[in-house]
Amino acid sequence: EDSEAQRNPELQEQICQKIQDAVDIPDVFNKVAIHAGKASPKTLVYAAHRIARYCRLRKQDIGPTRRATRFLSLLSELLKGLSTLDAQALTNLSWSLAVLNHRDNRVLAAICHQLFGRVEEFSPANLAISAWSFATVSYRDDLVMKRLNRQALGRLREFESQSIANLAWALATMRFKDDVLMHHIAGEALRKMDRFSAQHVANTAWAYATLGRRGNALFESLERRALALLRDETDDFVPLDLALCAWSFAWLEHAGPDSALLRGIAAAALARLREFSTQQLANMLWGFDHANFVDQGFYDTIARWCCTQPMGFWQKAAGEELVSIMTAVKPYAGGQRGWCELEAFFMQETLQPLADFLREANTSDGYTQGLRKLRTYHAGALYTGWLFTKIGITHLGDGDDPRVARKAEDLIEFYLLPPEPRWLPDGYDDDDVQANRAEIPCLLEMLEVKRRVQPSSHFIALHLSAELLMAVPGIDGAEEGSVIRRNIWRVVPTRPPRRSGLCFVRGVKFEEHGMPDDDDPGHGMKTATLRDYQRTHHAEVTALSQVAEAIAEMQERISDSVASTCAVMEASHLKDAQPKVRGWVELFVPHYPCSSCTGALVQFAKMHPLLEVRVGHDDWRHWLRRLRQRWDPSDTRQHNLSVNARQLRDLDQNIGEAIPENYRAALKATLGTSGIAGDSPPPRCLVCIGGHCSRCMGFVLSFASKCDIIRLILHSLSHFKVFF
C-alpha cells in the first residue's frame with residue numbers, strides 16, 4: 001500500500017473523478033485495479049457506492065456484481081481501513097451493501113462496531129440510512145440498535161420526513177420493539193406531515209401497522225395527506241405505495257367499506273395496473289378484501305385483467321400471494337372468461353402441493369423448511385374447505401352453518417365472560433371455564449386497543465367437541481364387545497407461550513427456547529416455525545393434545561384392566577390386544593387455520609385412523625362483528641388490560657405529547673432518564689473521569705441486559721489496565 005498516496009487529497013479526488021466517469025460497473029472495477037494500493041478506504045467506499053448506484057439506476061441484475069471476485073476483494077480491502085472512515089463514508093458503505101442486497105457479516109459487524117462507538121458523529125440522515133440498510137439486508141444487532149435508537153430519540157426534531165419514514169420502516173422490518181421511539185416518531189411525523197411524499201406516507205403507515213400501533217391521530221393525518229397527494233397530479237403513487245397504504249389501513253381497521261382513501265387508491269391502481277407485481281397486487285387486494293370494500297366496477301376490471309394474464313406471470317407468484325388475490329377476486333369473477341382456468345391453475349400449482357406435503361411424513365426441520373419453501377401459510381377463508389377435502393378432513397363450514405351454530409354460540413358466550421385471573425398452584429382442569437377464559441385478553445384489548453382484521457394467536461379460543469369410543473373384549477369380567485366412552489364439550493384457549501425471548505447479536509438470531517418445565521404440547525404432532533414465529537401453542541394444537549391425552553387415559557385404563565384380567569383368567573391372548581379409538585372430533589375456530597395447524601390435523605388423523613376429524617372455521621373479521629353485536633363496551637369487567645396493552649393505549653392516545661407518567665416510571669427502571677426525550681441529560685460516566693465516554697454511555701443506556709453488564713465491567717477494567 002502507498003500510504004502517502006492515500007493521504008494525498010488531490011490524488012484521491014482525481015481517482016474519484018475517474019471512478020465517476022466510468023461507463024459501467026466493469027469499468028469501475030478497472031479504475032480501482034489501476035490505482036490499487038493508492039486508493040484510500042474512503043475512495044474505495046466511493047467506488048462501492050458508485051457500483052450500487054449503477055445497479056439501482058440502471059436496474060441491473062445485482063447477482064453477478066455481488067458474487068464477483070473483484071467486488072469481494074474490494075470489500076476485503078475496505079475492511080482493513082474501516083476504522084479510518086468518517087460517519088458519512090460508513091453510511092454510504094452500509095447503503096451500498098443494502099442496495100446490492102449483499103450481507104457480509106464481517107463488514108456489517110465492523111460498521112456496527114464503529115457506529116456504536118461514534119454514534120454522536122452520525123447525522124440524523126446517517127442514523128436513518130444506517131438503520132434502513134441493516135433492515136434491508138436482515139442484519140440485526142440489538143445492542144447497536146438500542147444505541148442508535150437512543151441517539152435518534154434525542155435528535156428527532158432534526159430529522160427530515162425521509163429520515164423519519166426510513167427509521168420507522170427499519171424498526172418495523174426488523175420487528176424491533178421500541179414503543180417510546182415510535183411514540184415520538186409519530187409526534188414528529190404529525191408536525192412534518194405536510195412535507196411527506198407518497199412514499200413517506202406508505203412506509204410510515206406500513207411500519208405502524210406492522211408493529212400493531214393504532215395511533216388514530218397519526219393515521220388520520222396520514223389519510224388526509226394521502227388523499228391530498230392522490231389528487232395532486234405532480235406527486236405520483238407508485239404501485240408499491242398504493243399496496244402498502246391499502247394493506248396498512250385495512251390491517252388496523254382504519255379503512256372501511258366506504259373509505260375515501262380506498263376509493264382513491266382504487267382509481268389510481270386501475271390507471272397503472274400493468275405495473276403491479278404479484279406481491280403488490282396481493283397486498284392491495286388483501287387490503288380491499290379485508291376492509292369489505294365494495295366497488296363492482298373495480299373488482300370486475302381487476303378480475304378481467306387477472307384472467308387475461310399469461311400463466312407465466314402467475315408462476316412467479318408466491319403461494320401466499322395467490323391465496324390473497326384469488327380470495328379477493330373469487331366473489332366477482334364467476335362469469336369472467338378464463339376464470340375457471342386461472343382457478344384450476346391456482347388449485348393445482350399452489351393448494352395441491354401444500355396438501356401433498358402435509359400428507360407426507362417428515363422430520364421437524366424438514367416440516368418447517370418445506371412449508372417455508374412452499375410459501376403458502378394458509379389457504380384463506382374461501383379455499384380452506386377445498387384443502388380439507390384433499391387431506392381427509394371434513395369441513396363444517398363457517399359460523400353461519402347450522403352444523404356449528406351451537407358451538408359458535410357457546411364460543412361467543414365464552415368470549416363474553418369477563419377474564420378473572422386466578423393463581424392456581426396445581427394448575428387447572430381442562431374444563432375449568434373461568435381459568436380458560438383468563439388465558440386470553442379482555443374484549444376491550446381485542447376489539448379496541450389491539451384491534452385488527454386478523455388475530456394475534458393469543459386472541460384465539462376454539463370450541464372442541466368429541467365422542468371417543470374404545471372397545472376391548474373381556475374387561476373386568478364384562479362381556480365381549482364392552483365399550484369405554486368419553487365425551488368432550490369445551491372451549492380451548494390458545495396455550496400461552498412460555499419463551500425466553502429473542503436476542504440478535506451481530507446479525508445472529510438466538511432462537512427461542514422453551515422453559516425447562518414446559519411439557520411437550522404436540523404429543524408427537526410436528527408444528528412449524530413460520531415467519532420466525534413458533535406455532536406450538538396455537539389453539540388447534542392445544543385442543544388436539546387434549547384429545548390425545550384423553551385417548552391415552554382411556555388406553556391406560558384398558559391396559560390396567562387387561563393386565564388384571566390376564567392375571568386372574570390366564571388369558572394371555574388379551575395382552576396383545578391393542579385398543580383402537582373410534583368416533584369423531586370436531587373443532588370450530590374463529591379464524592381459518594394456518595398451514596402448520598392444518599398439518600397437525602393431518603398428523604392427528606393419521607395417528608387415529610378410526611376417528612373422523614371435522615373442522616369448521618369463521619373469518620376473524622366476521623367473528624369480530626359477532627362479538628361487537630353482543631359486547632357491552634361499558635362493562636368494566638372487560639377493561640382489565642394487560643400491561644403492554646395499557647401502555648400502548650396511553651401512548652397512542654397521546655401522540656405528540658409527553659410520555660404518560662406511569663409508562664415513564666417503567667422505562668426509567670430499564671433505560672434510565674436518557675431513554676426518554678425531554679428528561680434530564682444522562683449522568684456522567686462514573687468510569688471515564690474526563691467526561692462522557694461513548695462506549696460506556698452506550699452500555700449505561702441499555703444496562704438492563706446481562707450481556708451489557710458484563711461488557712461494561714470489562715470496559716471499566718480496561719480503563720485501569722495500567723494497574724494490573
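Counting starts from 1 at the beginning of each chain's written sequence and moves along it residue by residue. The predicted nature of this model means local features are confined to residues of pLDDT at least 70 and side-chain atom pairs, given and counted, to a pLDDT of 80 or more, with totals for whole chains, interfaces and linings taken over all residues. To obtain the side-chain values, all non-hydrogen atoms of the structure were used and water was disregarded.

Student: Tell me about the overall build of the protein, and please be specific about residues and values.
Tutor: A helix here means a DSSP run of H or I that spans at least four residues, while a strand means a run of E at least two residues long, and both kinds are numbered starting from the N terminus. A tally of helices and strands in the protein yields 33 helices and nine strands. Classification of residues uses two cut-offs on accessible area relative to the type maximum, computed with a 1.4 Å probe and protein chains only: under 20% is buried, over 50% is exposed, and between them is partly exposed. Within the protein, buried positions represent 55% of all 724 residues. Under the convention used here, a 1.4 Å probe and the Shrake-Rupley method define accessible areas, while residue burial counts only the protein chains that appear. Only carbon and sulfur atoms are counted for the fraction: they give 51% of the accessible area of the protein, which is about 33200 Å².

Student: Go over the pairing of strand E9 (residues 611-617), please, and point to the residues and values.
Tutor: Of all seven residues that make up E9, six are buried, and the element is covered over most of its length. For two strands to be treated as a pair, DSSP must find at least two bridges joining them. Note that strand E1 (residues 394-395) and E9 share two bridges and pair parallel. When the bridges of E9 are listed, Thr-394 appears paired with Arg-614. Direction of pairing for strand E8 (residues 581-589) relative to E9: parallel, over a ladder of seven bridges. By the bridge assignment for E9, Phe-588 is matched with Gly-616. Between the parallel elements E8 and E9, the chain passes through helix H28 (residues 595-607) in a crossover that is right-handed. Classification remark: right-handed applies to a crossover when, strands pointing away from the viewer, the course from the first strand over the helix to the second runs clockwise.

Student: How would you explain the nonpolar core if you had to name every residue and give the values?
Tutor: By convention a nonpolar core is built from buried Ala, Val, Leu, Ile, Met, Phe, Trp, Tyr and Cys residues, the set being connected through side-chain atoms within 4.5 Å. Ranked by internal contacts, the top residues of the largest apolar core, which has 210 residues, are Ile-185, Leu-281, Met-284, Tyr-415 and Leu-468. Among the elements that line this core, the one with the most residues is helix H21 (residues 339-359), at 10 residues. Dropping the residues within four chain positions of it, Leu-281 is found in contact with Leu-273, Phe-276, Trp-305, Cys-306, Trp-314 and Ile-325. Whether two residues are in contact is decided by their heavy atoms, any of which lying within 4.5 Å being enough.

Student: Please set out the pattern of salt bridges residue by residue, giving values where relevant.
Tutor: Only one rule defines a salt bridge in this text: a Lys or Arg side-chain nitrogen within 4 Å of an Asp or Glu carboxyl oxygen. Across all of its chains, the model carries 37 salt bridges by this definition. Arg-272 is paired through a salt bridge with Glu-275; the nearest N and O atoms lie 2.7 Å apart. Looking at Arg-272, the relative accessible area reads 15%, which means it is buried. In this structure, Glu-553 and Arg-486 form a salt bridge, with 3.4 Å as the shortest nitrogen-oxygen distance.

Student: Describe the side chain of Thr-350, with residues and values.
Tutor: Within the fold, Thr-350 resides in helix H21. Discounting chain neighbours no more than four positions away, the residues touching Thr-350 are Gly-319, Leu-322, Phe-345 and Thr-376.

Student: Tell me what's going on with the packing of aromatic side chains, and back it up with residues and numbers.
Tutor: Aromatic ring pairs: the centre-centre distance and the angle between the two ring planes describe each pair. Aromatic rings from Phe, Tyr and Trp, with only the six-membered ring used for Trp, were paired whenever their centres fell within 6.5 Å, and each pair was classed as stacked if the ring planes differed by under 30 degrees, edge-to-face if by over 60, and tilted otherwise. Evaluation of the coordinates by the stated rule reveals 19 aromatic pairs. When the centroid spacing of 6.0 Å and the interplanar angle of 35 degrees are considered together, the rings of Trp-247 and Trp-286 count as tilted. Taken together, the positions of Trp-247 in helix H15 (residues 239-251) and Trp-286 in helix H17 (residues 278-290) put the pair 39 residues apart, joining distant regions of the chain. Relative to Trp-623, the ring of Tyr-415 lies with its centre 6.0 Å away and its plane at 65 degrees, an arrangement referred to as edge-to-face. Note that Tyr-415 is positioned in helix H24 (residues 405-416) and Trp-623 in helix H29 (residues 620-630), a separation of 208 residues in sequence. Exposure remark for Trp-623: the relative accessible area of 0% places this residue in the buried category. Taken together, the aromatic side chains of Phe-288, Phe-293, Phe-298, Tyr-299 and Tyr-332 make up a single cluster linked through ring pairs. Here, over-ring charges are defined by two tests on the NZ atom of lysine or the CZ atom of arginine: distance to the ring centre within 6 Å, and angle to the ring normal within 35 degrees. In this structure, Arg-50 packs its charged tip against the face of Tyr-54, placed 5.5 Å from the ring centre. Across the ring face of Phe-116, the terminal group of Arg-147 is positioned such that the distance to the ring centre comes to 5.7 Å.

Student: Which residues make up helix H22 (residues 364-374), and what values go with them?
Tutor: Among all positions in H22, only Tyr-367, Thr-368, Gly-370 and Leu-371 are buried. Buried residues of H22, viewed axially, fall in a sector of 165 degrees; they line one side. Among the exposed residues of H22, those pointing more than 90 degrees away from its buried face are Asp-365 and Lys-373. At the exit of H22 stands Arg-375, carrying a positive phi of roughly 55 degrees. What the arc measures is the spread of directions leading from the helix axis to the C-beta atoms.

Student: Describe the sheet that holds strand E2 (residues 461-471), with residues and values.
Tutor: Judged by pairing direction, the sheet is mixed, and its five strands sit side by side in the order E1-E9-E8-E2-E3 without closing on themselves. The sheet terminates laterally at E1 and strand E3 (483-493), the two strands that pair on one side only. With axes taken as lines fitted to C-alpha atoms, and helix axes fitted only over the stretch in contact, angles between N-to-C directions fall between 0 and 180 degrees. Of the strands in this sheet, E8 and E9 are in contact with H28, which crosses E9 at around 160 degrees.

Student: A description of the confidence of the model for the protein should follow, citing residues and the corresponding values.
Tutor: Per-residue confidence from the predictor is reported as pLDDT, a score between 0 and 100. On average, residues of the protein carry a pLDDT of 84, and 80% of them reach 70 or more. When the criterion is pLDDT under 50, residues 711-724 qualifies, and its contacts beyond four places in sequence or with other chains add up to 15 contacts.

Student: Any details on the packing of helix H4 (residues 41-57) against helix H7 (residues 87-99)? Residues and values, ideally.
Tutor: Interaxial distance between H4 and H7 falls to 9 Å at its minimum, and their mutual angle equals 35 degrees. Every pair of crossing elements has a handedness; the one defined by H4 and H7 is left-handed. Judged by residue contacts, Lys-42, Val-45, Ala-48, His-49, Ala-52, Arg-53 and Arg-56 of H4 engage Ala-89, Asn-92, Leu-93, Trp-95, Ser-96 and Val-99 from H7. Its residues assigned to classes, the contact of H4 with H7 shows seven nonpolar, three polar and three charged. Each crossing gets its hand from how the near helix is turned against the far one by less than a right angle, where anticlockwise is left-handed and clockwise is right-handed. All residues other than Ala, Val, Leu, Ile, Met, Phe, Trp, Tyr, Cys, Pro, Asp, Glu, Lys and Arg, Gly among them, are scored as polar; the first ten of these are nonpolar and the last four charged.

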